Structure formats: C-alpha cells, structure tokens
Amino acid sequence: MADFIRDNINKDGIDRRGFLQCMAWAGTGALYTMHGGILKSLPLMQGAASGMNMAKMKGADFSFIQISDSHIGFSKEANPDVTATLQIAVDRINSAAARPDFLLHTGDISQLSKPSEFDTAEQVLKGVKAGNIFYVPGEHDVLTDDGQQYLDRFGRGTKGKGWYSFDHKGAHFIGLVNVVDLKAGGLGSLGSSQLEWLADDVKQLKSSTPIVVFAHIPLWAVYPEWGWGTDDSEQALGYLKRFGSVSVLNGHIHQIMQKVEGNVTFHTALSTAFPQPAPGTAPSPGPMKVPAGQLRSVLGISHVNFVQGQHSLAIVDSPLAQS
Amino acid sequence: MKRIRWIFVCAATVITAFTLTVGIRPILALRPAESPAGGAAVKIDNFSFGPADVKIPAGTTVTWTNNDDVPHVVASDDKLFKSKALDTDDHFSFTFTKPGTYMYYCSIHPKMTAKVVVQ
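Residues numbered from 1 in each chain as written. Chains lettered and ligands numbered in written order. Predicted model: local features only at pLDDT ≥ 70, side-chain atom pairs only at ≥ 80, totals over all residues. Heavy atoms only, no water.

A. Broad picture of the interface of chain A and chain B. The interface of chain A with chain B comprises 22 residues on the first partner and 17 residues on the second. Interface area, chain A with chain B, both sides summed: about 1,600 Å², of which 66% is carbon and sulfur. Where chain A packs against chain B, one counts two salt bridges. As a salt-bridge pair, Asp 87 of chain B and Lys 76 of chain A come within 3.7 Å of each other at their nearest N and O atoms. Counting the contacts that link chain A with chain B gives four residue pairs in polar contact (both at pLDDT 80 or more). (Contact = heavy atoms within 4.5 Å. Buried area = accessible area lost by both parts, 1.4 Å probe. Salt bridge = Lys/Arg side-chain N within 4 Å of Asp/Glu carboxyl O. Polar contact = N/O pair within 3.5 Å; in protein donor to acceptor, adjacent residues only side chain to side chain.)

Given below as structure tokens:
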C-alpha cells in the first residue's frame, strides 16, 4: 500500500489519512442506505458484509448489481489478466444468497473497442445468473465506427448513441451516454438531443416515482481537472429535481465515491479491472499499480437493494477479494 | 559484382520502404527512427501532450507517440486530422502543408489540449 500513498502535495484536501480511509472502504465494502434523500453510510467489516447484506435484503423489493470498467483487452502491469477478474466478479454475483433481478454495466466493457474484446466480455458475462444485462458505453467502447459496433452488440433498440430508459417494479431506470462528441477542453457530454429526450422521457412520470440514472462518466464534478465530470449534467439533473428519490450510478473513476445533493444520491463503482488513484494523488488518472496480493481488494461489484415506498436504496460495494 | 548487386538490393529496399512509409498519410505505427528528416515529435505522457506548443515550417510531419498505459486519440478541433485509438507505444503522423495554428485534443480525454503552429 505504501507504494502508492502520497502526501497532500497538490493541496487538494486529500491527505494521507483520508486516502487511507478511502482505501479501507474500497477494501472492505460499504453499505449505503438512503431514507428520504438522506444518505447514511456504514463501512463494513469484511466478514459482516454478507450478514448485513442479508438483513437489508429481507425488506427489499428487488435488487440489482452494478459492475463497471471491465476493460477487457487491458494487459499492463496494473492487471495482466482482466478477463480473470471479470470472471471472479461474475462468480461473486452467482454465489450471492439472493439472485439479482438484473445487472447494470456502466461502461468501458473493452479497452480498445476490438471485436475480440467485446466477444470475450460477452462470453464471460453470459455466465451471470441474473436477468437482463443493461449497458451504457464508456469512452473505450466507442473508439471505432463512431460507436456503431457497441450499438450493434449492446445497444440494440436504444435511442441516439445508446441512451434509453425502462421501468422495473415501480422504479424508472435511465441509461445515459456521456462519452461521445466530446468537445476540446471539456468534460463528459450528454448533448442537446439526449437532453431533449430525457426531458420528454420523465415528463409523464409521477414525482413519487423512484429514479435511477446510470452513465459512465460521473454526472457530478468529482474532479474536473482529470475530466471526472460531465459538462451538461446540471441540465439533466434539473429535469429530475421534482422527483423525491433520484439515485445516480456511475463508473469511470475506478473507485467508490458518494455524494448527496438534495434528493439526489450519487455513487461511483469500483472497476473489475484495475484501480485508479484518488483525485490529485498522482500525476495523472492512469491505472494504479498495487501489489498483486492487494489487487482484488481494490476491485469489486456493487449490490443494490431497492425498497419500494421507503425510498430506500442500499448499495453494498463488495471487493472481489474474499475474507 | 556481388558487392554491386548487394548495394542495388539495399537501395531498392530503402526506396521501397521510403515509398511505403512516406507515400501514404496519415501513417499509423510509424517508428520514430523512420520519421522523415526534420519531423517533429510529440510525446503523450500522463494524459498530456509534450511539447504542448510545437512550431514548425510548412511541410513538416509531426509524429505523436503514446507512452501512457491508456489509449488516446489525437484529433484536431477543425476535424482536419484524427488518429485511430493509439494504444501504448503506438504512433500517429500528420504532415502540415499550410501555415496556420492547429488546435488539437484527445477526443476521449478532452481535457488534453495542445497546438501546432505552422509558419
């Protein structure tokens, strides 16, 4: 661990202690519950994680899994076998006590949008014991053909560059694309046609409808200096202001972060491939190398439990490493 | 005689190689050693272009090399040129024939911006 912990040289407010805490969270998992827009978080001890998960599950209407940033095709030092760690993620999902209703993949399925990488990802994910898998693209998935290959494989029936929505047991899920047509000097971008679609998509919904938004790049300014944010996310969130419960699930930054703003809860998931440094703790957001024995403790999946009526959304981030 | 034939074969190889690498632009996977004389090099390190401000005479070829563990895409703001996704150690070259200031960025990490000034 000492290999990549740095002092607060960039004056960004993340000191050694804070970073250690962050890593401890990533390594042990954390339980998030939301009650009427107030998010409570509780770091979990490794051994207690499954027990608490079960307790939470008892009152849940349904649950789903978020996985992110598989980067199939990546083979550098930070993780020479990303297919193996994706397989471990699938095994974790399949060994859970409760079967999730479906799986969300929040992008960067592949490293270079190569057909062989998408093939491998599809092959491994075929083994998930869950209903549908819902995808949104990461910037690594749209490197060729203007993202056409992604659409053909993972985005059939979607709008525009791959955005869509669906309803599940009373909740409204919205998959957004913020990795195409990026402007020089800017951040992630949704674009005007997608924003128009979003405004129209939620128009008929009752304000009591729980909303879950998922997209690759964070829809909040995590760290704009590293491009970790979305230029026009404010406008998108503006359309969702009237709703009592909005949960935003993102990937891209390969670490757990969370924030509450009014009735909106933001959460980012771990990668199944490699960790990235905490904001400002490294010269760039590139893959972070950790000792091989620690890798699986900084990769993971998110198990989301949904409780209708209580506006309660509990997210349990579990590392791939087993206790 | 053998020696003359050997020189001839060498010369033919050099000419063929030159035609193959310089004849088509933009060129992917061009090694720095094969860059035409007088070309300029830009390195991509830690999500930034270096040097970020290159001044060159018209007709110069600029070659970008990605040294990062993540792919980058070199794209001009005015869509004049755009590389494929450059994986680690991949190269992209473009020859600037007209004077002007050419702003460019990484189309998947748009915070990465830089420019080429052609005199």
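B. Examining the packing of aromatic side chains more closely. All names here are of chain A. Following the criterion strictly, the structure yields 32 aromatic pairs over all chains and no others. Centroid distance Phe 64 to Phe 173: 5.3 Å. Interplanar angle 80 degrees. Geometry classified as edge-to-face. Here Phe 173 lies in strand 7 (residues 171–175) and Phe 64 lies in strand 3 (residues 62–67), a separation of 109 residues in the sequence. Of the two residues, Phe 64 and Phe 173, neither departs from the other in class, the shared state being buried. An angle of 55 degrees between the planes, with centres 4.6 Å apart, marks the rings of Tyr 135 and Phe 154 as tilted. (Phe/Tyr/Trp six-rings, centres within 6.5 Å; stacked < 30°, edge-to-face > 60°. Helix = DSSP H or I, 4+ residues; strand = E, 2+ residues; numbered from the N terminus. Buried < 20%, exposed > 50% of the residue type's maximum accessible area, 1.4 Å probe, protein only.)

C. Highlighting the environment of Asp 77 of chain B. Examined against the element boundaries, Asp 77 of chain B turns out to sit in the loop between strand 6 (74–76) and strand 7 (91–96). In the structure, Asp 77 of chain B is positioned 19 residues away from Ala 58 of chain B in sequence and 19 Å away in space, judged by C-alpha atoms. What Asp 77 of chain B contacts, discounting residues up to four positions off in sequence, is Ala 184 of chain A together with Met 103, Tyr 104 and Tyr 105 of chain B.

D. Representation of empty space enclosed by the protein. Residues and elements named next belong to chain A. A full pass over the atoms with the stated rule returns three cavities of 30 Å³ or more. By volume, the second largest cavity amounts to about 40 Å³. In terms of lining, the second largest cavity is formed by Val 142, Asp 146, Gly 147, Tyr 150, Leu 151, Lys 161 and Val 180. (1 Å grid on protein atoms, 1.4 Å probe; cavity = no way out; pocket = protein on both sides within 12 Å on 5 of 7 lines; lining within 4 Å. Points joined across faces, edges and corners; volume = space filled by probe spheres on them.)

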